[in-house]
Amino acid sequence: MEIALVYPSYEAHLITPPLGIGYMASFLKKHDHSVKIIDAHNLNLSPEQVTRMCGGVKVAGISCYTAFLSEVTDLSQRLKERGCMVVLGGPHPSALPRETLSLTGADYVVVGEGENALLHIVEKIAKGEDPSDFPGVITSTTEQITRAPLVEDLDSLPFPDWKSIDPRMYRKAPHGGVIKNFPVAPLTTSRGCCFECAFCGSSVIWGRKVRFRSPENVVDEIDYLVRDFGVREIHFEDDNITLKRAHMEQIASLILERRIAISWACPNGVRVESVDRDLLRLMKKSGCYLLAFGIESGNQQILDGIKKNISLETAERAVKMAHEEGIMTQAFFILGLPGETEKTVEETLAYAKRLPLDRAQFLLLDMLPGTALYEEVKGNGGWVLDKPRKSFHQAAWVPPGLQGKELEAMRARAFLSFHLRPRQFLNLAKCIRLSQVPFIIQRLVDYGVLPWRKKRG
Ligand code: B12
Ligand code: SF4
């Protein structure tokens, strides 16, 4: 039975190979199913084109973030009209399974990790049976919401289906925007995070148990990507690759031992308390050139309120240490967290500028379903936007006393004020390639730094 796995197209400035789809494709193929990956985002395909490409497949699985729920809804409805069975998975259906089912008209949604549940769905459908007897497989008649069983041993998973999501075929719009080398491949060495930051959607998919791949398995994959796909840069997309020091240390040591010449970065962020000087030195030696840190706010009270569990002093120490060890540093800051005022935004900007950071991302708080913050504000009013698809461009919720437009303007100002300093500007400018200019312009538009919005075809 042929299955299509789709990553939908949506308006965004970042385009990276979809690992979730890649993992599920290789897992299904290992179990003798025929799978076609359609990365509509990279190919800029319209829903109509995707629907045509799915002609003849019995089941289509679609990845769904909250940010592109409306695109998934459109696609799901079109596929259903053509008689295709639709399964949705990923962070949004995992958080709101029933709502997602009724909005999209999909046949099934999977709550949590996809591999085992999707295999079960496909095998049952192939036999003409109902797959909703499996944990995490939810349909309109499901009474109790359960979670899909986790893969116990991550090394038992085949590598993602890299031939179908070949890094060389991707447009130059990587995570982090401006990077050192292409082709670049994302990779995760672990799944899950044990922390409880109130705004974060990670545990909705993975729960709070952290599972690690073995360093050998990780470096085998890097080796494969370098040899077979000419990959020259790796982006570790773990929630926190440095959580277990020995894990990071062994990966870096193996890269060195096997003399794999790559640059690597952690654009998804690492926790500030999880690095030390010796570790940073080893990471740098093995190719690490950019570390993003999740700092979130320059105001300690706000940090405590979101249960980030870090201090501003620890964050400052980590950034300084990485900078001194010759690693470029980036920090994520979220504007519009509970307790935010114009004054705290200024504090965050001043803090960011005081640190030896090369880059800073000022994001607007995204109210992600299933998070503690979402539960806290749900039903309390304060929503300024009910269309989730623009949630990463526009404020989804604003703290009392501020306006959405005000926050958006503060973000644009913070971005400019931070980056229009000589070191930060020159560092970024010297890495930008001509082919990246359209994506960078789109990014500046999204940030409200440039005043117009590009039309997509
Ligand atoms: C890499 C990454 C990205 C990449 C894109 C990745 C891609 N193409 O797939 C980029 C950098 C582009 C990105 C962007 C964004 N991201 Co992001 N991203 C991640 C990150 C760090 C890792 C994703 C990953 O590759 N995981 C590894 C693979 C194996 O897992 P997976 O893709 O989730 O797939 C598994 C399951 O979800 C499920 N599954 C997924 N799809 C399907 C489909 C079917 C049919 C089934 C059955 C199962 C299934 O099974 C898969 C295998 O087990 C996660 C954090 C995390 N811990 O997961 C955040 C995360 C997914 N991102 C998030 C967010 C909020 C965003 C942004 C909106 C951020 C922003 N404010 O701009 C944007 C989206 C819009 C934009 N600006 O582009 C949230 C999503 C929450 C939500 N409710 O939607 C997460 C969870 C981060 C967080 N900690 O809250 N992101
Ligand atoms: S923000 Fe980072 S540290 Fe906090 S829960 Fe999410 S992944 Fe974990």
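Look above for the structure.
Residues numbered from 1 in each chain as written. Chains lettered and ligands numbered in written order. Predicted model: local features only at pLDDT ≥ 70, side-chain atom pairs only at ≥ 80, totals over all residues. Heavy atoms only, no water.

Engineer: Explanation requested: the site of ligand 2 in the structure shown.
Structural biologist: Near ligand 2 you find Cys 193, Phe 195, Cys 197, Phe 199, Cys 200, Asp 239, Arg 271 and Lys 308, and these make up its full shell. Residue classes in the shell around ligand 2 are distributed as five nonpolar, no polar and three charged. (Near = heavy atom within 4 Å. Nonpolar A, V, L, I, M, F, W, Y, C, P; charged D, E, K, R; others polar.)

Engineer: I tried to follow the environment of Glu 340 on my own but got confused; where do I start?
Structural biologist: Within the secondary structure, Glu 340 is located in the loop between strand 13 (328-335) and helix 14 (342-354). For Glu 340 and Gly 401, which are 61 residues apart along the polypeptide, the C-alpha to C-alpha distance reads 8.8 Å. Residues contacting Glu 340, with those up to four places away along its chain left out, are Ile 302, Ile 334, Leu 335, Val 345, Pro 399 and Leu 402. (Helix = DSSP H or I, 4+ residues; strand = E, 2+ residues; numbered from the N terminus. Contact = heavy atoms within 4.5 Å.)

Engineer: Teacher, can you tell me more about the packing of aromatic side chains here?
Structural biologist: By convention here, two paired aromatic rings are described through the distance between centres and the angle between planes. Taken as a whole and assessed by the stated rule, the structure comprises 11 aromatic pairs. Between the aromatic rings of Tyr 65 and Phe 68, the centroid separation amounts to 5.0 Å while the plane-to-plane angle is 20°, which identifies the pairing as stacked. Residue class for Tyr 65 comes out partly exposed when judged on its relative accessible area of 40%. With a centroid separation of 5.4 Å and an interplanar angle of 90°, the aromatic rings of Tyr 224 and Phe 229 are classed as edge-to-face. On the accessibility criterion, Phe 229 (3% relative accessible area) is buried. Taken together, Tyr 7, Tyr 10, Tyr 65 and Phe 68 form an aromatic cluster joined through their ring pairs. The aromatic ring of Phe 195 is capped on one face by Arg 271, whose charged end is 3.6 Å from the ring centroid. Geometry around Phe 418 places Arg 421 over its ring, the cationic atom sitting 4.5 Å from the centre. (Phe/Tyr/Trp six-rings, centres within 6.5 Å; stacked < 30°, edge-to-face > 60°. Buried < 20%, exposed > 50% of the residue type's maximum accessible area, 1.4 Å probe, protein only. Lys NZ or Arg CZ within 6 Å of the ring centre and 35° of its normal.)

Engineer: Can you help me understand the side chain of Asp 107 in this one?
Structural biologist: By the element assignment, Asp 107 lies in the loop between helix 6 (97-104) and strand 5 (108-110). In this structure Asp 107 comes out as buried when scored by relative accessible area, which is 18%. Asp 107 has contacts with Lys 80, Cys 84, Met 85, Val 86, Leu 101, Ile 138 and Thr 139, leaving out every residue within four places of it along the chain.

Engineer: I'm lost on the sheet that holds strand 14 (residues 359-364) in this one. Help?
Structural biologist: Strand pairing in a sheet relies on backbone hydrogen bonds. The paired strands run either parallel or antiparallel. Reading across the sheet, the six strands line up as 7-10-11-12-13-14 and stay open at both edges, with parallel pairing between neighbours. The sheet is open, and its two edges are formed by strand 7 (184-187) and strand 14, each paired on a single side. Each adjacent strand pair in this sheet contributes to an overall mean axis angle of 20°, direction not counted. Inspection of the sheet shows strand 10 (residues 233-236) paired to strand 11 (residues 263-270) by three bridges, in the parallel sense. Bridging across to strand 11, Glu 233 finds its partner in Ser 263. (Pairing = 2+ DSSP bridges. Axes fitted to C-alpha atoms, helices over the stretch in contact; angles between N-to-C directions.)

Engineer: Would you mind showing me how to read unusual backbone geometry here?
Structural biologist: Most peptide bonds adopt trans geometry, and most residues besides glycine take a negative phi value. Phe 182 connects to Pro 183 through a cis peptide bond whose omega is -10°. Structurally, Pro 183 is set in the loop between strand 6 (137-138) and strand 7. You will see that Glu 296, though not glycine, has its phi angle at about 75°, which is positive. Here Glu 296 lies in strand 12 (residues 288-296). Residues other than glycine seldom take positive phi values, yet Lys 307 does so here, at roughly 60°. On the secondary structure map, Lys 307 appears in the loop between helix 12 (300-305) and helix 13 (312-324).

None of the figures reported here should be taken as evidence of function without further support.
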